[in-house]
There are 2 protein chains.
Amino acid sequence: MSFSPLIRHLIDSLRILPGVGQKTAQRMALHLLERDRSGAVRLAQALTQAMDGVGHCKQCRTLSEDELCHLCLDPRRDDSLLCVVEGPMDVYAVEQTGFRGRYFVLKGHLSPLDGLGPEAIGIPELLTRVDAGSFGEVILATNPTVEGEATAHYIAQLLANKGLVASRIAHGMPLGGELELVDGGTLAHALAGRRPIQL
Amino acid sequence: MSFSPLIRHLIDSLRILPGVGQKTAQRMALHLLERDRSGAVRLAQALTQAMDGVGHCKQCRTLSEDELCHLCLDPRRDDSLLCVVEGPMDVYAVEQTGFRGRYFVLKGHLSPLDGLGPEAIGIPELLTRVDAGSFGEVILATNPTVEGEATAHYIAQLLANKGLVASRIAHGMPLGGELELVDGGTLAHALAGRRPIQL
C-alpha cells in the first residue's frame, strides 16, 4: 500500500534532512501526525522564519541575522588572529575551545572535480578580509581531509605571497583515543609531530 | 558562544522529531541554512499542508485525508477479518505482509500509569466498529510488549463476552535470527509455540 499524497509529500520533504532515510522519514511524519501536530506547526514556522531571517555576516560570512555577526562586532576579541574554517558549524566547534580571535568562514573546501574552485568557496573574499585587517597570524582550520589539506595549502601559498604567517592546526591522536584503534595516517602524524615533554 | 535567536529556535523546533537530539538538530539546522534553503521552505510547506489536510479515517481511525481511508473504501478486501493495531505505522507494516482484511487503529496501548485507559486509546470505538461489521475473527496485532499484551488480553475479554473469536499474532524467533543472540523470553515463546513440521 502507499501513503496518501500529503503524507508521501511530507515524507519526501523530511528526507532532505541530513542522516534521514526513508524509514526514519516515515517514522517522523507519522509521529508528527499522530502525536505532535502543534510541534510540527511550530517547526514549519521556525523553518520559514530562519530561512527568511538568517543570512551571512558580511565580514566573516558565518550565519547571522544581522549584517555583522556578534563575533565580528565584539570589541574584546583578538584582532591579530584570524581562524579560517570550512563552515559555520566549525565556528561553534572552535569557539568551544576558548579561541578568542576572529573568523573567516569558507563555503566548504576546494573540490575541482565538483567544479568548486577558489571563487566558489570564497577565497577572494578571504584575501580582501585579510588585506582589510591587521592579522599577525592566520590559522587554517579546514578539516584534516585530502580536500581540507589542499585548501589549506592553497591559501597558505597565497598568504605567503603577501608575507603573512599561516599556521595549520595540529594532526595527531585524539584525546582518549587508543593507539591500536587509530588509523595509520593519524599515528604517523602523531609520531612526526612529537614534542619534548615539558617538566 | 550561543546561536542567534532564529537559529536557536529552529534547533529547538527540530528536536521534536523522534531520534533527533541537540547535536543532530544543530547539524540539520546549519545544513538547511547553508546548503538547502529551498528544501527547507518546501519542508515547511509540506508540514503545514499535512497538519491541515490529514485527519483520521472515521471508520478505522488510521491517518487519512478523506473521511474514509482507501483501505476502508476498497470493496475487494475481506470483510470477515479485522486486524487491531496500535498505530498507523503498524497498518503499513501489516499491509506489507499481504494481509487483505480490514483494520482498526488504536491510539497506542493501555497504560494506566500514564492515565491511558480504554477510552483514551479508543476501545469503545473499536467495539462499535465490531458491532457494525460482520467479522468472523479479530486479530489482535498490538506490539509484543507488556502493555501491548495487556491491551490484547483486555480486548480479547471484551470480544469473548460478545461471542467473537479473537486471535493474537504469534511470538517466536524472528526470521534470520540466531538462538544464541535472542532473549530468553522470545526463545521460551518459540519453544512453547512449537508446531509439527508438515512434510
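Residues numbered from 1 in each chain as written. Chains lettered and ligands numbered in written order. Predicted model: local features only at pLDDT ≥ 70, side-chain atom pairs only at ≥ 80, totals over all residues. Heavy atoms only, no water.

Observations regarding the overall build of chain A
Stage number 1. Helix and strand content of chain A: 8 helices and 6 strands.
Stage number 2. Listed N to C, the secondary structure of chain A is α-α-α-β-β-α-β-α-β-α-β-α-β-α in terms of helices and strands.
Stage number 3. Its C-alpha atoms give chain A a radius of gyration of 22 Å, clearly above 16 Å, the size a compact globule of 199 residues would have.
Stage number 4. Projected onto its principal axes, the C-alpha positions of chain A cover 65 × 50 × 40 Å.
Stage number 5. Counting only residues that meet the buried cut, chain A has 41% of its 199 residues in that class.
Stage number 6. Taking the contacts inside chain A whose residues are at least 6 apart along the sequence as the reference set, 45% of them involve residues at least 24 apart.
Stage number 7. When the accessible surface of chain A is split by element, carbon and sulfur atoms take 55% of a total near 10,900 Å².
Stage number 8. Measuring between centres, the 19 positive side-chain charges of chain A sit 5 Å from its 23 negative side-chain charges. (Helix = DSSP H or I, 4+ residues; strand = E, 2+ residues; numbered from the N terminus. Rg over C-alpha atoms; globule rule 2.2 N^0.38 Å. Buried < 20%, exposed > 50% of the residue type's maximum accessible area, 1.4 Å probe, protein only. Contact = heavy atoms within 4.5 Å. Areas by Shrake-Rupley, 256 points an atom, 1.4 Å probe, with all protein chains shown as cover. Lys, Arg positive; Asp, Glu negative; His and termini not counted. Charge placed at Lys NZ, Arg CZ, Asp CG, Glu CD.)

Comments concerning the interface of chain B and chain A
Stage number 1. In this complex, chain B contributes 50 residues to the contact, which on the side of chain A involves 50 residues.
Stage number 2. Contact between chain B and chain A buries roughly 5,200 Å² in total, counting both sides, with carbon and sulfur atoms accounting for 74%.
Stage number 3. In this assembly, chain B and chain A are joined by 0 salt bridges.
Stage number 4. Joining chain B to chain A, the criterion identifies 10 residue pairs in polar contact (both at pLDDT 80 or more).
Stage number 5. Sorting the residues of the side of chain B that touches chain A by element identifies helix H1 (5-14), helix H2 (22-35), helix H3 (37-53), strand S1 (55-56), helix H4 (70-73) and helix H5 (88-95) of chain B as the ones contributing at least two each.
Stage number 6. No other element matches the 14 residues that H3 of chain B contributes to the side of chain B that touches chain A. (Buried area = accessible area lost by both parts, 1.4 Å probe. Salt bridge = Lys/Arg side-chain N within 4 Å of Asp/Glu carboxyl O. Polar contact = N/O pair within 3.5 Å; in protein donor to acceptor, adjacent residues only side chain to side chain.)

Some thoughts on the UniProt feature "domain: Toprim" (unreviewed entry) in chain A
Stage number 1. Those residues carrying the UniProt feature "domain: Toprim" (unreviewed entry) are residues 80-174 of chain A in this numbering.
Stage number 2. Taken end to end, residues 80-174 of chain A is 36% helix and 18% strand, and its two terminal C-alpha atoms sit 28 Å from one another. (UniProt positions renumbered as here; feature names shortened; annotations may be inferred.)

A closer look at the side chain of serine 64 of chain B
Residues and elements named next belong to chain B.
Stage number 1. As for its placement among the helices and strands, serine 64 is situated in strand S2 (residues 63-64).
Stage number 2. In terms of polar contacts, serine 64 uses its side chain to reach the backbone carbonyl oxygen of aspartate 66, at 2.9 Å.
Stage number 3. Apart from the residues lying within four places of it in its own chain, the contact partners of serine 64 are Gly53, Val54, Gly55, His56, Cys57 and Cys69.

Here we look at the relation of the copies chain B and chain A
Stage number 1. Expressed as a screw transformation, the operator carrying chain B onto chain A has a rotation angle of 180 degrees and an axial translation of 0.0 Å, and the superposed copies differ by an RMSD of 0.1 Å. Taken together, the turn and the small shift mark the pair as related by a two-fold rotation axis. Considering only C-alpha atoms, the part of chain B nearest the rotation axis is alanine 44 of chain B, at 2.1 Å.
Stage number 2. Comparing interface residues between copies, 100% of those in chain B also sit at the interface in chain A, which points to an isologous, same-surface contact. (Least-squares fit on C-alpha atoms with pLDDT ≥ 70 in both.)

Digging into the packing of aromatic side chains
Stage number 1. Scanning all chains against the criterion turns up 4 aromatic pairs over all chains.
Stage number 2. On the basis of an interplanar angle of 35 degrees and a centroid distance of 3.8 Å, the ring pair of phenylalanine 3 of chain A and tyrosine 92 of chain B is categorised as tilted. Here phenylalanine 3 of chain A, found in the segment before helix H1 (5-14), pairs with tyrosine 92 of chain B, found in helix H5, and the two come from separate chains. For the pair shown, phenylalanine 3 of chain A and tyrosine 92 of chain B are each scored as buried.
Stage number 3. When the centroid spacing of 5.4 Å and the interplanar angle of 65 degrees are considered together, the rings of phenylalanine 99 of chain B and tyrosine 103 of chain B count as edge-to-face.
Stage number 4. Classification of tyrosine 103 of chain B as buried rests on a relative accessible area of 3%. (Phe/Tyr/Trp six-rings, centres within 6.5 Å; stacked < 30°, edge-to-face > 60°.)

Considerations on the UniProt feature "zinc finger region: C4-type" (unreviewed entry) in chain A
Stage number 1. Look at the UniProt record and you will see "zinc finger region: C4-type" (unreviewed entry) annotated at residues 57-72 of chain A.
Stage number 2. The straight-line gap between the two end C-alpha atoms of residues 57-72 of chain A is 8 Å; of that span, 19% is helix and 12% is strand.

Thoughts on H5 of chain B
Stage number 1. Those residues of H5 of chain B not exposed but buried are Pro88, Val91, Tyr92, Val94 and Glu95 of chain B. The buried residues of H5 of chain B occupy an angular sector of 165 degrees when projected down its axis, which confines them to one face. (Arc of directions from axis to C-beta.)

Structural notes on the sheet that holds strand S5 (residues 137-140) of chain A
All names here are of chain A.
Stage number 1. Read across the sheet, 4 strands follow the order S4-S3-S5-S6 without closing on themselves; strand pairing throughout is parallel. The two strands at the open ends of the sheet, each matched to only one other strand, are strand S4 (102-105) and strand S6 (165-168). Here the average twist between neighbouring strands, direction ignored, is 25 degrees.
Stage number 2. Sheet topology places strand S3 (residues 81-85) next to S4; 4 bridges connect them, and they run parallel. The partner of valine 84 across the bridge, within S4, is phenylalanine 104.
Stage number 3. Here helix H5 (residues 88-95) sits on the sheet in contact with S3 and S4, set at roughly 155 degrees to S4. (Pairing = 2+ DSSP bridges. Axes fitted to C-alpha atoms, helices over the stretch in contact; angles between N-to-C directions.)

What about the pattern of salt bridges?
Stage number 1. With the rule as written, the count across this model stands at 16 salt bridges over all chains.
Stage number 2. Measuring nitrogen to oxygen at the nearest pair gives 2.6 Å for the salt bridge that ties arginine 77 of chain A to glutamate 95 of chain A. Here glutamate 95 of chain A lies in helix H5 and arginine 77 of chain A lies in the loop between helix H4 (70-73) and S3, a separation of 18 residues in the sequence.
Stage number 3. For arginine 77 of chain A, a relative accessible area of 6% gives the class buried.
Stage number 4. A relative accessible area of 4% means that glutamate 95 of chain A is categorised as buried.
Stage number 5. Between arginine 168 of chain B and glutamate 149 of chain B there is a salt bridge, and its shortest N-O distance comes to 3.1 Å.

Description of the environment of histidine 109 of chain A
Stage number 1. Here histidine 109 of chain A lies in the loop between S4 and helix H6 (123-132).
Stage number 2. Put simply, histidine 109 of chain A and glutamate 125 of chain A are 16 residues apart on the chain and 14 Å apart in space, counted from C-alpha to C-alpha.

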